[in-house]
Amino acid sequence: MDSNYGDTPVGDFPPLPNESVGPADGQQSSVAVSGVEAFRERLDLLSDDVLEKSTIELRRSISAAQTQFALQVRELERRDVPRLEHQLTTTAWLRRHCQMTAVEASGTVKTARAMAHMPNVTANALAGFIPARSVQLLAQARDRHPDAFVVHEPVFGDIATYLPGADLRRAISHWEQQVDYPNTLAAAEHREKLRSLYLAQTIDGMGDIKGSLSPELFHIVNTVIDAKVNPTLLDADDHRTPPQRRADALGDVCRFYADHSENIVTSGGNKPHVTVTVAYDVLTEEAQRLPEIDGVAVTPETVRRITCDAGIIPMVLGSRSEPLDVGRRTRTIPAGIRRAIEQQYDGCTWPGCTAPLSWCDIHHKIHWADGGETKLSNLTPLCGRHHTATHNGQRPPPDP
C-alpha cells in the first residue's frame, strides 16, 4: 500500500523512542518528551488532505497488524510452542507474554482458529480492509454455523469491507435466521435471561452500578438517557462531562418516577424515601459539619436542594442522638400548589433552558430553612441541573 500522497511522504513520521527512561524526581524523560514534540511538529507540516489520508491508512495498517497478530498466534498454537516451551495453553501464553485479559486472549485464540476456515475474510483483513472487531463477529458466526458459513464466506468477505460493525452484526443475524431459525430464536430467548443489575455502595459511600440489559431494555434506557442529555438542552456554562450528565439523567428519571407514579410500591405505607440526617444548624450552615445520607457525608447544598420539594419528617434527637420526638410527616409542596405551578409555567425558569416541566423540581426562592414560605410567589420550577446550580450559589447570566 502506497504511503505517499502527492509530494509529501506520510509514512516517515519520527518514531517515538523505544528506550523508556523512568521518571526521575517526578519528571518525564526528556528523550520521550522531545520525541513527542518532534512528532507533533511533523504533523503540523502536513496539509489537511494528507493528514486525512494518512490517518485512514494508519487505521488500515492497525487492522492489518491485528490480523497478522491473530495469524501468528494460530501458527504458535499449530507448532505447540506455548505448551512445549512454557507449559502453558495459548490463552495463558497470551495473558503472560502479551499482557492480555482472559477474555481478550480467549477471543483472540478462537478468532485465529476460525480464520483458517475464512480465506476471503482473512485476505481482506490482512490487507487492512476489515477491522478486527468485524473479523471477530464473522468468526463467531462461523463457529455457530460452520457448514452454512463456508458457502457464504465469499459474500461475507466482501460486505465486511464496507459495512460498519453494527450493520454487519445485523446482516449476520438476518443470515442466521434464514439458515437456522430455531437456534437463532433460542439464542434470542437466552439473551433475555442474561439481564441483570447490581447496585452496591463502595467503601467511600459512592454507588457502584453494574449489569447487563437485554436488547429491548438497553434500547429503552439508552433512548431515555440520550433524551435527557440532549446537547440542545445544554448551555455554554454547563461544564459537566458526558458521564456526569448521564448519571444525573438516571437520577432525574428515577426521581420523576418516585414523585409521579400512582402505582409505585410502598413500604410501610409510604412511598420509597431517602433518609437525610441533618441538624438544623448544619442545614442553615451555622455549624461546620456535613449532613448525611445513609451515613455518608454530603454537601449542605445537596440537602437544601432535596428539601425544596420533599416529604419531611421532623425528628428531635437527644444528646446521645436517640429520637425523643418524631413529628407528623408533611409535604413541602402540596399537590394543589404543584398543579397551580404547572398551570403557570411550561418548564424550567432558568433563562435559556428548555427543559420541560416534567424534569423540574419546585424550588423555594427563599429556602424554607431560612423562613421561606411554601406559596406560589416563593416557588419556581427548576430542572435538576439548574436547581443544583442555584443551591451552589450560581445565578443566571444577565439578559443580553
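Residues numbered from 1 in each chain as written. Predicted model: local features only at pLDDT ≥ 70, side-chain atom pairs only at ≥ 80, totals over all residues. Heavy atoms only, no water.

1. Here we look at the overall build of the chain
The helix and strand inventory of the chain stands at 16 helices and 13 strands. Residue burial in the chain is summarised as follows: out of 400 residues, 28% are buried. Considering only residue pairs separated by 6 or more positions, the chain has 51% of its internal contacts joining residues 24 or more positions apart. Roughly 26,400 Å² of accessible area belongs to the chain as shown, and the carbon and sulfur atoms make up 54% of that amount. (Helix = DSSP H or I, 4+ residues; strand = E, 2+ residues; numbered from the N terminus. Buried < 20%, exposed > 50% of the residue type's maximum accessible area, 1.4 Å probe, protein only. Contact = heavy atoms within 4.5 Å. Areas by Shrake-Rupley, 256 points an atom, 1.4 Å probe, with all protein chains shown as cover.)

2. Brief notes about the pattern of salt bridges
This model, assessed by the stated rule, comprises 11 salt bridges. Linking K53 and D49 is a salt bridge whose minimum nitrogen-to-oxygen distance equals 3.4 Å. Here K53 pairs with D49, and both are found in helix 2 (residues 48–79), just four residues apart, close to one helical turn. Among the residues examined, K53 registers a relative accessible area of 34% and is labelled partly exposed. Take D49: its relative accessible area is 42%, and that puts it in the partly exposed class. Note that R142 and D143 form a salt bridge whose closest N and O atoms lie 3.5 Å from each other. (Salt bridge = Lys/Arg side-chain N within 4 Å of Asp/Glu carboxyl O.)

3. A short note on the layout of surface pockets
Empty pockets left among the atoms are what a rolling probe the size of a water molecule brings to light. Estimated volume of the second largest pocket: approximately 700 Å³. Forming the walls of the second largest pocket are 19 residues, and the residues nearest its centre are R144, R169, S173, E176 and R191. Among the secondary structure elements, those contributing two or more residues to the lining of the second largest pocket are helix 7 (132–144), helix 9 (165–179), helix 10 (181–193) and helix 11 (215–228). Sorting elements by how many residues they give to the lining of the second largest pocket places helix 9 first, with seven residues. In terms of residue class, the lining of the second largest pocket is built from six nonpolar, six polar and seven charged. (1 Å grid on protein atoms, 1.4 Å probe; cavity = no way out; pocket = protein on both sides within 12 Å on 5 of 7 lines; lining within 4 Å. Points joined across faces, edges and corners; volume = space filled by probe spheres on them. Nonpolar A, V, L, I, M, F, W, Y, C, P; charged D, E, K, R; others polar.)

4. Focus: the nonpolar core
M118, V135, L138, F149, F156, L168 and I172 are the most contacted members of the largest nonpolar core, which totals 20 residues. If you list the elements that add at least two residues to this core, you get helix 5 (102–115), helix 6 (119–126), helix 7, helix 8 (146–159) and helix 9. The biggest single contributor to this core is helix 7, with five residues. Apart from residues lying up to four places away in sequence, L138 is in contact with M118, V121, F149, F156, A160, L168 and I172. If you look at the next biggest cluster of nonpolar residues, it comprises eight residues, including A355, C360, C383 and A389. (Core = buried A, V, L, I, M, F, W, Y, C linked by side-chain atoms within 4.5 Å.)

5. A look at the environment of N183
Mapping N183 onto the fold places it in helix 10. Look at N183 and you get partly exposed, because its relative accessible area is 48%. In sequence terms N183 and R144 are 39 residues apart; their C-alpha atoms lie 9.6 Å from each other.

6. With respect to the confidence of the model for the chain
Any residue range with low pLDDT should be treated as having predicted coordinates unsuitable for detailed reading. Averaged over the chain, the pLDDT score is 79; the fraction of residues at 70 or greater is 71%. Per-element averaging of pLDDT across the chain places strand 1 (residues 4–5) at the bottom with 39 and helix 6 at the top with 97. Low pLDDT, under 50, characterises residues 1–22; the predicted model gives this stretch 38 contacts beyond four residues in sequence or across chains. Under a pLDDT of 50 for its full length, residues 323–331 has, in the predicted model, 27 contacts with residues more than four places off or in other chains. (pLDDT = per-residue confidence, 0-100.)

7. Here's the deal with the packing of aromatic side chains
Taken as a whole and judged by the stated rule, the model has three aromatic pairs. With 5.9 Å between their ring centres and 85 degrees between their planes, F149 and W175 make a pair best called edge-to-face. Linking F149 in helix 8 with W175 in helix 9, this pair joins segments that are 26 residues apart in sequence. Of the two residues, F149 and W175, both sit in the buried class. Between F156 and W175 the ring centres are 5.3 Å apart and the planes differ by 90 degrees, which places this aromatic pair in the edge-to-face class. Pair noted here: F156 is in helix 8 and W175 is in helix 9, with a separation of 19 residues, a long-range link. Of the two residues, F156 and W175, both sit in the buried class. (Phe/Tyr/Trp six-rings, centres within 6.5 Å; stacked < 30°, edge-to-face > 60°.)

8. Thoughts on the packing of helix 4 (residues 90–97) against helix 5
Packing of helix 4 against helix 5 leaves a shortest axis separation of 9 Å and a crossing angle of 130 degrees. With respect to helix 5, the axis of helix 4 lies oblique. For the pair helix 4 and helix 5, the crossing hand works out as right-handed. Between helix 4 and helix 5, the residues in contact are T90, T91, L94 and R95 and A102, A105, S106, T108 and V109, respectively. Of the residues that constitute the contact of helix 4 with helix 5, the class distribution is four nonpolar, four polar and one charged. (Axes fitted to C-alpha atoms, helices over the stretch in contact; angles between N-to-C directions. Parallel < 35°, antiparallel > 145°, perpendicular 65-115°, else oblique. Left-handed = near helix turned anticlockwise from the far one by under 90°.)

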